[in-house]
Amino acid sequence: MKVLVVDDSEAIRKMMISALKCIGVTHVDEAGDGDEGCASCAGANYELIIMDLHMPKMDGFEAVAKLRSEGKKMPIIIMSTDG
């Protein structure tokens, strides 16, 4: 499975990557904001994206809208640390 983790927190990205590897995911890429995440998707076929909502440059809402407008249909799990 090929997964992309998009979060502006490096610590959260590392934690997510570690958790994914523990369950057998062997290919995980990471991006620090929605803009980077969308750019990563342009050249790769991810089977899953895990994306934070609140990020600089392009937030998760904007990134998901952009990906869907480009015809990307992979599942996207949205996460946030907001209460």
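You'll find the structure just up there.
Remember, predicted model here, so these are calculated numbers, not experimental data.

Cut-off values and rules
Residues numbered from 1 in each chain as written. Predicted model: local features only at pLDDT ≥ 70, side-chain atom pairs only at ≥ 80, totals over all residues. Heavy atoms only, no water. Helix = DSSP H or I, 4+ residues; strand = E, 2+ residues; numbered from the N terminus. Buried < 20%, exposed > 50% of the residue type's maximum accessible area, 1.4 Å probe, protein only. Lys, Arg positive; Asp, Glu negative; His and termini not counted. Salt bridge = Lys/Arg side-chain N within 4 Å of Asp/Glu carboxyl O. Contact = heavy atoms within 4.5 Å. Pairing = 2+ DSSP bridges. Axes fitted to C-alpha atoms, helices over the stretch in contact; angles between N-to-C directions.

### A word on the side chain of Asp7
Piece 1. For Asp7, the position within the fold is in the loop between strand S1 (2–6) and helix H1 (10–22).
Piece 2. Despite its burial, Asp7 pairs with no opposite charge, the nearest such side chain being Arg13 at 5.8 Å.
Piece 3. Apart from residues lying up to four places away in sequence, Asp7 is in contact with Ile12, Arg13, Ala31, Gly32, Asp52, Met55 and Met79.

### Regarding the environment of Leu48
Piece 1. On the secondary structure map, Leu48 appears in strand S3 (residues 48–52).
Piece 2. The class of Leu48 is buried, set by a relative accessible area of 13%.
Piece 3. Separated by 47 residues in the primary sequence, Leu48 and Met1 place their C-alpha atoms 8.0 Å from one another.
Piece 4. Apart from the residues within four sequence positions on either side, Leu48 is in contact with Lys2, Val3, Leu4, Met74, Pro75 and Ile77.

### Quick word on the sheet that holds strand S4 (residues 76–79)
Piece 1. The strand order across the open sheet formed by four strands is S2-S1-S3-S4, and the pairing between neighbours is parallel. In this open sheet, the two strands that pair with only one neighbour each are strand S2 (27–31) and S4. Taken pair by pair, the neighbouring strands of this sheet meet at an average axis angle of 15°, ignoring direction.
Piece 2. Pairing of S1 with S3 involves four bridges; the strand directions are parallel. Paired with Val6 across the two strands is Met51, which belongs to S3.
Piece 3. In the packing of H1 onto the sheet, contacts are made with S1, S2, S3 and S4, and the angle to S2 comes to roughly 170°.

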